[in-house]
Amino acid sequence: MVKDLAKFAEENGIKYFMISFTDLFGGQRAKLVPARAIADMQEDGAGFAGFATWLDLTPAHPDMLAVPDPDAVIILPWNREIAWVPANCVMEGKDVAQAPRNVLRRLIGEAAEKGMHVKTGVEAEFFLLTPAGDQISDEFDTAAKPCYDQQAFMRRLDVIREISDHMLEMGWNPYQNDHEDANGQWEMNWDFDDALKTADKHSFFKFMTKCVAEKHGFRATFMPKPIEGLTGNGCHVHISVWDAPGAQSKTNVFAGEGEGQTGELGLSERGKHFLGGIMKHASALAAITNPTVNSYKRINAPRTTSGATWAPNTVTWTGNNRTHMVRVPGPGRFELRLPDGAANPYLLQAVIIAAGLSGIGSKADPGKRHDIDMYAEGHKVRGAPKLPLNMLDALRDYDKDKALKEAMGAEFSAAYLKMKHQEWNDFCNYFSSWEKANTLDI
Ligand code: ADP
Ligand code: MG
Ligand code: MG
Ligand code: MG
Ligand code: MG
């Protein structure tokens, strides 16, 4: 555990620190700080004008200080004299309540008070595009079913191998990499960890993947649906809850014996209610897990060229079947398949914990298990809510969900809704070619 960043710099030959925080829209913001100044910055934080980022602050607000979390420091494997360190935002001595890493830390604290330690793994899919971002980078990657394509893999081996090497070096325990379901799409998997650690790794993974891709002359994107007609970028989250954090954890509370594990679910009572919370708040939490206008081109999408979108459209759960919003692949954990690549890594973890804790509090029932192919037989399911059709619907669902808004924090929720409604209004002021094509001659 790193405590003193100045000492860490001395011991590791670090010349600069990149002090980084994440704003409401998931943007990572940083200052590059020479090692000579890091002792003071560790104490006081690096100063930022919050209004200049996507946070609900005005130009008149005092400086926002990003105080680095030394335990989360990572040496850039591709530039070993620089270390990246995520920070917590503070203003006038108090945590900025709307800052995503603070929202997550508070919820982790609330779960811990109940003896629950959430561990998650994320599957952050991405595309490798041309530098302009308008097409996939490999002109020969054109198969109708390109998933696991061995030959296409070899044409991007240098990029994927380099990122995988970096994860090995950082000790993340990466275990597989594959060409995903869309032309130009990739997935790289590493081991699950405590929610805050996963959120930091998820942030760093996006940063690292973009950096390595750029070095090779490509552009990596996590955009939910970057290419029309192709499968989009999901960011599935696998979730379990344990009795203790980190390496001290022994018992998986979701699989806990003596809690009356139900055969049907492979989940304990608490696991069942946690899942119940996710199901109950699904339409509202989509405002966080699917946060952009483009997100709604991935869920509710028409069939893609590969034959399936692999994304849900309805609030249903099942066993080991990838056509539903929630899959229980085996005992003691479940997979939320709703989130996409635009999800803010901190808010993603936070909203899962918020919904799960709310479900445990209200002993929420996840409802009936559906063992059908949702893409083919979804119309047969009665009573299951449909996911929001666009960002505005999701924001309205979030606004209506008092319990979730409260659990995420009133100040955060107000700030998020305000900024996201502004973004929606901005989108509505944009004139699209579709409008011209469909309205010109009316
Ligand atoms: P799939 O594509 O089948 O959904 P992946 O292997 O791509 O699964 O990703 C699974 C993720 O789930 C990994 O990050 C893995 O470490 C994580 N995971 C496995 N077991 C658990 C668990 N008990 N709790 C949380 N995450 C888990
Ligand atoms: Mg200045
Ligand atoms: Mg996967
Ligand atoms: Mg995948
Ligand atoms: Mg998955």
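Keep in mind the model is a prediction, meaning the values are calculated, not measured.

Draft legend 1. Structural view of the coordination of the magnesium ion (ligand 3). In the first shell of the magnesium ion (ligand 3), the protein supplies Glu 123 (OE) and Glu 187 (OE), at 2.1 Å from the metal. The two metals, the magnesium ion (ligand 3) and the magnesium ion (ligand 4), are separated by 3.9 Å and share Glu 187 as a common coordinating residue. Of this pair, Glu 123 sits in strand E8 (residues 117–124) while Glu 187 is found in strand E11 (residues 185–190), placing the two residues 64 residues apart along the sequence. Of the two residues, Glu 123 and Glu 187, both sit in the buried class.

Draft legend 2. Representation of the side chain of Lys 420. With respect to the helices, strands and loops of the structure, Lys 420 is situated in helix H13 (residues 410–428). Its relative accessible area of 2% is what places Lys 420 among the buried residues. Polar side-chain contacts of Lys 420 include one of 2.7 Å to the backbone oxygen of Pro 291. Setting aside anything within four residues of it in sequence, one finds Lys 420 in contact with Phe 25, Pro 291, Met 391 and Leu 395.

Draft legend 3. The sheet that holds strand E9 (residues 126–129), seen in detail. The four strands lie next to each other as E10-E11-E9-E13, forming an open sheet whose pairing is antiparallel. Two strands close off the open sheet at either side, each with one partner strand: strand E10 (174–179) and strand E13 (219–221). For this sheet the average axis-to-axis angle between neighbouring strands, irrespective of direction, equals 25°. The pairing of E9 with E11 spans two bridges and is antiparallel. Bridged to Phe 127 within E11 is Gln 185. Sitting on the sheet, helix H5 (residues 157–170) is in contact with E9, E10 and E11, with an inclination near 15° to E11.

Draft legend 4. Looking closely at the UniProt feature "domain: GS beta-grasp" (unreviewed entry) in the protein. Taking the numbering used here, the UniProt-annotated feature "domain: GS beta-grasp" (unreviewed entry) corresponds to residues 12–94. Helix makes up 10% of residues 12–94 and strand 42%, and the two end C-alpha atoms of the span are 32 Å apart.

Draft legend 5. Representation of the sheet that holds strand E15 (residues 317–318) within the structure. The sheet built from six strands is open, its strands ordered E12-E8-E14-E17-E16-E15 with mixed pairing. In this open sheet, the two strands that pair with only one neighbour each are strand E12 (193–194) and E15. Bridge analysis of strand E16 (residues 326–330) against strand E17 (residues 333–336) gives three bridges, and the strand direction is antiparallel. Bridging across to E17, Arg 327 finds its partner in Glu 335. With respect to the sheet, helix H9 (residues 345–361) is in contact with E8, strand E14 (235–242) and E17, its orientation differing from that of E14 by roughly 50°.

Draft legend 6. Representation of the site of ligand 1 within the structure. Among the 16 residues in the neighbourhood of ligand 1, the closest are listed as Glu 123, Tyr 175, Phe 192, Ser 240 and Glu 335. Here a nitrogen atom of ligand 1 sits 2.6 Å away from a polar atom, N or O, in the side chain of Ser 240. Alone, ligand 1 offers 590 Å² of accessible surface; in the complex the protein occludes 84% of this. Looking at the shell around ligand 1, the elements that each hand over two or more residues are E8, E10, E11, E14 and E17.

Draft legend 7. Spatial organisation of the packing of aromatic side chains. Counted by the stated rule, this structure contains 19 aromatic pairs. Plain terms: the ring middles of Phe 21 and Phe 48 are 4.9 Å apart, the flat faces sit at 80° to each other, and that makes the pair edge-to-face. Placement of the pair is Phe 21 in strand E1 (residues 16–22) and Phe 48 in strand E3 (residues 46–48), with a sequence separation of 27 residues. One exposure class covers both Phe 21 and Phe 48, and it is buried. Between Phe 274 and Phe 334, the aromatic rings sit 6.3 Å apart at their centres with planes inclined by 55°, giving tilted as the arrangement. With a gap of 60 residues between them, Phe 274 in helix H7 (residues 269–280) and Phe 334 in strand E17 connect regions that are remote in the sequence. Taken individually, Phe 274 and Phe 334 each receive the classification buried, so the pair is uniform in this respect. Aromatic rings pair up to connect Trp 78, Trp 84, Phe 126, Trp 172, Trp 190, Phe 204, Phe 205, Phe 207 and Phe 222 into one cluster.

Draft legend 8. Quick peek at the packing of helix H3 (residues 100–113) against helix H6 (residues 195–215). The N-to-C vectors of H3 and H6 enclose an angle of 160°; their axes lie 10 Å apart at closest approach. Accordingly, the angle class assigned to the pair H3 and H6 is roughly antiparallel. The element H3 and its partner H6 pack so that their crossing is right-handed. Here H3 contributes Arg 101, Leu 104, Arg 105 and Ile 108 to the contact with H6, which in turn contributes Ala 195, Leu 196, Ala 199 and Asp 200.

Conventions we followed
- Residues numbered from 1 in each chain as written.
- Chains lettered and ligands numbered in written order.
- Predicted model: local features only at pLDDT ≥ 70, side-chain atom pairs only at ≥ 80, totals over all residues.
- Heavy atoms only, no water.
- Donors = N, O, S within 2.8 Å, 3.2 Å for Na, K, Ca; no water.
- Helix = DSSP H or I, 4+ residues; strand = E, 2+ residues; numbered from the N terminus.
- Buried < 20%, exposed > 50% of the residue type's maximum accessible area, 1.4 Å probe, protein only.
- Polar contact = N/O pair within 3.5 Å; in protein donor to acceptor, adjacent residues only side chain to side chain.
- Contact = heavy atoms within 4.5 Å.
- Pairing = 2+ DSSP bridges.
- Axes fitted to C-alpha atoms, helices over the stretch in contact; angles between N-to-C directions.
- UniProt positions renumbered as here; feature names shortened; annotations may be inferred.
- Near = heavy atom within 4 Å.
- Areas by Shrake-Rupley, 256 points an atom, 1.4 Å probe, with all protein chains shown as cover.
- Phe/Tyr/Trp six-rings, centres within 6.5 Å; stacked < 30°, edge-to-face > 60°.
- Parallel < 35°, antiparallel > 145°, perpendicular 65-115°, else oblique.
- Left-handed = near helix turned anticlockwise from the far one by under 90°.

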